[in-house]
Amino acid sequence: MANTATIVGLQWGDEGKGKIIDALAAQAKMVVRFQGGGNAGHTVVVEGVKHVFHLVPTGILYPGVQCVIGNGAVVDLLALQAEIDGIRAQGISLEGLKISDKAHVVFPYHQALDEAREKLRQGKQKIGTTKRGIGPCYADKAARTGIRVADLYRPERFADRLRRALDEKNAVLHHLFGAPPLEFEPIHAAYLAAAEALEPYVTDCSTLVLDALDEGQEILFEGAQGVMLDIDHGTYPYVTSSNASTAGVAVGAGVPPAAVQQVLGIAKAYTTRVGAGPFPSELHGEPGERLRELGHEYGATTGRPRRCGWLDLVQLRYAIRLTGTTGIVLTKLDTLAGYGPIQVVTGYRKDGLDLAAPPAQEADWDGIELVTETLAEIPEGFDYAGCKDYAQLPQAARDYVEFVEAKLATPVVMVSTGPQRSALIQRGKPVFAV
Ligand code: IMP
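Conventions we followed
Residues numbered from 1 in each chain as written. Predicted model: local features only at pLDDT ≥ 70, side-chain atom pairs only at ≥ 80, totals over all residues. Heavy atoms only, no water. Pairing = 2+ DSSP bridges. Helix = DSSP H or I, 4+ residues; strand = E, 2+ residues; numbered from the N terminus. Patch = residues over 30% accessible without salt bridge, like charges linked within 9 Å, V, L, I, M, F, W, Y side chains within 5 Å. Areas by Shrake-Rupley, 256 points an atom, 1.4 Å probe, with all protein chains shown as cover. Salt bridge = Lys/Arg side-chain N within 4 Å of Asp/Glu carboxyl O. Lys, Arg positive; Asp, Glu negative; His and termini not counted. Charge placed at Lys NZ, Arg CZ, Asp CG, Glu CD. Domains from an automatic or database assignment. Contact = heavy atoms within 4.5 Å. Buried area = accessible area lost by both parts, 1.4 Å probe. Nonpolar A, V, L, I, M, F, W, Y, C, P; charged D, E, K, R; others polar. Phe/Tyr/Trp six-rings, centres within 6.5 Å; stacked < 30°, edge-to-face > 60°. Buried < 20%, exposed > 50% of the residue type's maximum accessible area, 1.4 Å probe, protein only.

Engineer: Is there a simple way to explain the sheet that holds strand β20 (residues 424-426) in this structure?
Structural biologist: What holds strands together in a sheet is hydrogen bonding between their backbones, with the strands either parallel or antiparallel. Judged by pairing direction, the sheet is mixed, and its 10 strands sit side by side in the order β9-β7-β5-β2-β10-β1-β11-β15-β19-β20 without closing on themselves. Because the sheet does not close on itself, it has two edges, and the strands there are β9 (202-203) and β20. Where strand β11 (residues 262-268) meets strand β15 (residues 327-331), 5 bridges bridge the pair, whose relative direction is parallel. Within the sheet, the bridge partner assigned to G265 lies in β15 and is I328.

Take a look at the structure:
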């Protein structure tokens, strides 16, 4: 039995990964975030209380689970401190939290640049970022002008790098975007204070995770966003700036690729997307709005309404192959109950030809025709959240799950039927040996 499981989003994020990680963390010793930053919003509902995590790994609700923010994540120390304060105020211990000393730090100038660039983009050029400074921070990392967590504990080095970064960013903000410059002193002081408060959590996380692997501990790698937002394999340029697919684990947690054993691909029973970019199965007008209201589809980080549409098996097949998904977790099946007959996208056609996978180039999405199949309505009035036995689900709900599984040639190992921790039906073997 494998000791690690990687949780990745198979669509455009917001698939309900938080709830699944929470469910699996009960049997894990460690949960590791390997990419992304405060753009993520992982929601967990426990005994009627809603928790939304942005940077802190979702396992924090379990005492004794080590919760690692890996080197591949980008960390706004001020936002992290605020998140930690909020978690502590709920009486939850943060003893297990670890922050990689190699993670890059998001500064106010990253957010200012993110915002200024979005403002300048017109019409279809707008990406619709979360404005958390994620893209500019990863850009600095690649340009080797970034500041890492460890730098904050070397005051002279930090001051020097911050000053140089601000000189460059202020010039760009002022001359290119007409935005006000940012002052050195308040940023310097606030980030030094946050670094001091967070120092007990900061460590060499790669070694920590490698040691846990050597000891055969159960480890969850917690993906944020989803495959279609992956910087390399998503719908570029309408993507986030990190590798949200499985490939991000090795780089972002500091482990060998073989550390990725089982991969749980999380997919909603329909599709949503926040922000701009291709979304072929999108439902416009009233049908889309109805799905949004039924599924409460509003962003956990920005509150923006999510675009909603049918399940897209072409997109999912691509994501499954790319991530090496060994088991699918289908979430929010209950949301479709009572919606009416359900359509599923089973093929893309363009210029009279079948497309095997989503197009790689932005322009090639135009003019795609969808091939769909219609499945029977999933009935209302059944206690989906209370159902523990797959065989008890209404026939139409089971038909839907089995249709997806057969078309994707990958087992659906869990079905989520409500926001509560308990609303989860296990179909396959448990992820970890118990
Ligand atoms: P960024 O990550 O803030 O740069 O945003 C880039 C794109 O990714 C935008 O379309 C965002 O809406 C989307 N995005 C980023 N994080 C998430 C997430 O956690 N869930 C869903 N969409 C996200």
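Back to the write-up after that little detour.
Engineer: Help me understand a negative patch on the surface, please; the structure alone is not making it clear to me.
Structural biologist: A cluster of acidic residues, D204, D211, D214 and E215, forms a negative patch on the protein surface. Relative to the helices and strands, D204 resides in the loop between β9 and α7 (205-214).

Engineer: What's the story with the domain arrangement of the protein chain in this structure? I'm lost.
Structural biologist: Interface size is commonly expressed as the accessible area that is lost once the parts come together. Domain parsing of the protein chain yields domain 1 (4-101 + 201-262), domain 2 (105-197) and domain 3 (267-426). Every contact between the two is made by 25 residues of domain 1 and, on the other side, 24 residues of domain 2. In this assembly, domain 1 packs against domain 2 so that about 1800 Å² is buried in total across both faces, 65% of it on carbon and sulfur atoms. When the buried area of domain 1 at its contact with domain 2 is split by residue, V74, L77 and Y238 rank highest and sum to 31% of it. There are 0 salt bridges connecting domain 1 and domain 2. When contributions to the side of domain 1 that touches domain 2 are tallied by element, the ones reaching two or more residues are β6 (74-75), α2 (77-89) and β7 (97-100). Sort the elements by how many residues they give to the side of domain 1 that touches domain 2 and α2 lands first, with 3 residues. Looking at the side of domain 1 that touches domain 2 residue by residue, the classes come out as 11 nonpolar, 12 polar and 2 charged.

Engineer: Is there a simple way to explain the packing of aromatic side chains in this structure?
Structural biologist: The tally for this structure, following the rule as stated, stands at 7 aromatic pairs. Ring centres 6.1 Å apart and planes at 25° place the aromatic pair F107 and F158 in the stacked group. Placement of the pair is F107 in the loop between β8 (104-105) and α3 (108-120) and F158 in helix α5 (residues 155-176), with a sequence separation of 51 residues. Take F107 and F158: they sit in the same class, and that class is buried.

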